[in-house]
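Each chain is listed here by its residues.
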Amino acid sequence: MKTTKYLLAALAALVFVGCSSRIDASLPATVKDGTITLKTPARAPGQVHAIGLAADPIDTVRIGFIGLGMRGDDAVRRYSFIEGTKTVALCDLYPDRVSKAQVFLSSKGLPEAAGYDGEDGWKALCERSDVDLVYICTDWKHHTPMAVYAMEHGKHVAIEVPAAMSIKECWALVDACERTRKHCIMLENCVYDFFEATVLEMAKAGLFGEIYHVEGAYIHNLDPFWDEYADNWRLLYNAQFRGDNYPTHGIGPVCQLLDIHRKDLMDYVVSMDTDSFNGKKLAAEKLGTEDFANGDHTVSLIRTQRGKQIEIQHNVYAARPYSRMYQATGTEGFANKYPVKGLAIKGKAITRKQEGLDYDRLDGERFVPKEVYDALMDEYKPSYIREIEQKAREVGGHGGMDFIMDSRLIYCLRNGLPLDMDVYDAAEWSCLTELSRISIENGSAPVKVPDFTRGDWNR
Ligand SMILES: NC(=O)c1ccc[n+]([C@@H]2O[C@H](COP(=O)([O-])OP(=O)(O)OC[C@H]3O[C@@H](n4cnc5c(N)ncnc54)[C@H](O)[C@@H]3O)[C@@H](O)[C@H]2O)c1
């Protein structure tokens, strides 16, 4: 009996090893009936899930920022407006970026922070005993190693998007969070945009009935920005990798609509890209190479375990207007953000009715009129946004959603609450980067989405 068990285990290991080189994934993979599955690493003995993780309240959240480029520099500015925070350390590869942030702090009358630079300066920042939260705004390749190191040194971490660039990195974040019991949040700001956050409240109230098809995207012509990324990291990454390398703005808000890993789970993904057209031109012009892996337009379709569907698109090369799509189709209603905001909701679902309007005529076939739209957007605006909306719009950061995100994070840390987004959200929303590449490189084959909770979401 024991021998048979060992033989079976050895056979399974051989199948994984045998297939992994063909599929070129960050973890061993198997193929069954055409579907590719990456191995789920075993949870270490004694390690438990981090669903609902809460930590001791922190009176003043002491923050160390790593990466002070476009995003990190603005984060330092935004936090200067948030009560109960203190910027204690700053780090960038380049010392002049640290100095610039120090000048900003002093211009606001705030104390000088400890400064670090160089390729490994961030390690000393993570090792400090007076930092509660490490806030990571570097290029993508540094996100996970920095976050894991910070958690291992007793810090909560907030990581810019995507938090991880491979399935192996997604598991590294999950395991570090479960092991250390430190928060690991991905800074997916789009879930805090006014329309998305309000539509989520409507969805929770059942206005759309059962939502079964959602769409999201990152379609943004980055031509004005390519030269701004430090050492061209973003174009270099895209030159190397096919697939949706920036899925989280699209997938995050719509996964929340489907309550992923609370009431449902992503099952498998199928992706397809176009050839590289503008990408190749960019590479020739800016990198001096003809080789460019990333297709101009990438589309992924995900089916969930409860029979729902998610469509995600990526295009950072096209001469077309910005869009995150953000669309939800339900049994009773519909919401759409780009290119036009609209709600199609049946009159009978609307509780707060205005005089003089014929609600019986609202049948979902067309968008509700402006008066009804405005009333619904006001009624369902989340209270945490209502309380700080004015200040958020003044401080700004993508129209205010960045400030709302930061304020919510600090509110939860100061009150010892679970965060709005957990490490499983970070892993699920980031994992499309590698899964879409694997699907594309294998003829749009279905690829299983790992259950990063290892079954605990449904217990
Ligand atoms: N959520 C959003 O809306 C949003 C918007 C823009 C960018 N981002 C994300 O923010 C991150 C940063 O993007 P960006 O536009 O600021 O890029 P950037 O190139 O302007 O900044 C990256 C910074 O990281 C620094 N860096 C690189 N290696 C480092 C190291 N070893 N130690 C310390 N610092 C190091 C660079 O010097 C640079 O200053 C990316 O992950 C990006 O995807 C998110």
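Structure: see above.
Residues numbered from 1 in each chain as written. Predicted model: local features only at pLDDT ≥ 70, side-chain atom pairs only at ≥ 80, totals over all residues. Heavy atoms only, no water.

Enquirer: For this particular structure, what's the right way to read the pattern of salt bridges?
Expert: Side chains bearing opposite charge may pair, as long as their charged atoms lie close to each other. This structure, assessed with the given rule, holds 39 salt bridges. Residues Arg454 and Asp175 are paired through a salt bridge, measuring 3.0 Å at the closest nitrogen-oxygen approach. Of this pair, Arg454 sits in the segment after strand S16 (447-448) while Asp175 is found in helix H6 (residues 167-180), placing the two residues 279 residues apart along the sequence. Relative accessible area serves as the criterion here: at 14%, Arg454 is assigned to the buried category. Here Asp175 falls in the buried class, since its relative accessible area comes to 16%. Residues joined by salt bridges that share partners form a network here, namely Arg71, Asp74, Arg77, Arg78, Glu160, Asp402 and Asp406. (Salt bridge = Lys/Arg side-chain N within 4 Å of Asp/Glu carboxyl O. Helix = DSSP H or I, 4+ residues; strand = E, 2+ residues; numbered from the N terminus. Buried < 20%, exposed > 50% of the residue type's maximum accessible area, 1.4 Å probe, protein only.)

Enquirer: Help me understand the site of the ligand in this model?
Expert: By nearness alone, 28 residues border the ligand, and Arg71, Asp92, Arg97, Val161 and Trp233 come closest of all. Separating an oxygen atom of the ligand from a backbone N or O atom of Thr138 is a distance of 3.1 Å. In the model, a nitrogen atom of the ligand is placed 3.2 Å from a nitrogen or oxygen of the Glu160 side chain. Listed by contribution, the elements that provide at least two residues to the shell around the ligand are helix H2 (70-79) and helix H5 (140-152). If one sorts the elements of the shell around the ligand by residue count, H5 sits on top with four residues. In terms of residue class, the shell around the ligand is made up of 14 nonpolar, eight polar and six charged. (Near = heavy atom within 4 Å. Polar contact = N/O pair within 3.5 Å; in protein donor to acceptor, adjacent residues only side chain to side chain. Nonpolar A, V, L, I, M, F, W, Y, C, P; charged D, E, K, R; others polar.)

Enquirer: Looking at this structure, how should I read the sheet that holds strand S6 (residues 133-136)?
Expert: In a beta sheet, neighbouring strands are held together by backbone hydrogen bonds and run either parallel or antiparallel to one another. With parallel pairing, six strands are arranged side by side in an open sheet as S5-S4-S3-S6-S7-S8. Either end of the sheet is taken by a strand with one partner, and the two such strands are strand S5 (114-117) and strand S8 (184-186). This sheet shows a mean twist of 20° between the axes of neighbouring strands, independent of strand direction. Relative to strand S3 (residues 61-66), H2 is tilted by about 160°, and along the sheet it contacts S3, strand S4 (85-92) and S6. In the packing of helix H13 (residues 401-414) onto the sheet, the strands contacted are S3, S4, S6, strand S7 (156-159) and S8, and the crossing angle to S6 comes to about 160°. (Pairing = 2+ DSSP bridges. Axes fitted to C-alpha atoms, helices over the stretch in contact; angles between N-to-C directions. Contact = heavy atoms within 4.5 Å.)

Enquirer: Help me understand the environment of Ser26, please; the structure alone is not making it clear to me.
Expert: Within the element layout of this structure, Ser26 appears in the loop between helix H1 (2-23) and strand S1 (29-32). Overall, the relative accessible area of 24% leaves Ser26 in the partly exposed class. In this structure the C-alpha to C-alpha distance between Ser26 and Glu332, which are 306 residues apart in sequence, comes to 41 Å. Filtering out sequence-adjacent residues up to four positions away, Ser26 remains in contact with Ser166, Ile167, Lys168 and Glu434. At 3.4 Å, the side chain of Ser26 and the backbone nitrogen of Ile167 are in polar contact. Within the structure, the side chain of Ser26 is placed 2.7 Å from the side chain of Glu434, a separation counted as a polar contact.

Enquirer: Is there a simple way to explain the packing of aromatic side chains in this structure?
Expert: Two numbers describe a pair of aromatic rings. These are the distance of the centres and the angle of the planes. Considering all chains together, one arrives at 19 aromatic pairs under this definition. For the pair Tyr79 and Tyr135, a centre-to-centre distance of 5.3 Å together with 75° between the ring planes defines the contact as edge-to-face. Of this pair, Tyr79 sits in helix H2 while Tyr135 is found in strand S6, placing the two residues 56 residues apart along the sequence. Each member of the pair, Tyr79 as well as Tyr135, is classed as buried. For the ring pair Trp140 and Tyr237, a centre distance of 5.2 Å and an interplane angle of 80° mean the geometry is edge-to-face. Placement of Trp140 in helix H5 and of Tyr237 in helix H8 (residues 233-240) is noted, with a sequence separation of 97 residues between them. For the pair shown, Trp140 and Tyr237 are each scored as buried. Counting every residue linked through ring pairs, the aromatic cluster contains Trp140, Tyr218, Trp226, Tyr229, Trp233, Tyr237, Phe241, Tyr246, Phe292, Tyr317, Tyr322 and Tyr338. Residue placement shows Lys108 over the ring face of Phe81; its charged tip is 3.7 Å from the ring centre. (Phe/Tyr/Trp six-rings, centres within 6.5 Å; stacked < 30°, edge-to-face > 60°. Lys NZ or Arg CZ within 6 Å of the ring centre and 35° of its normal.)

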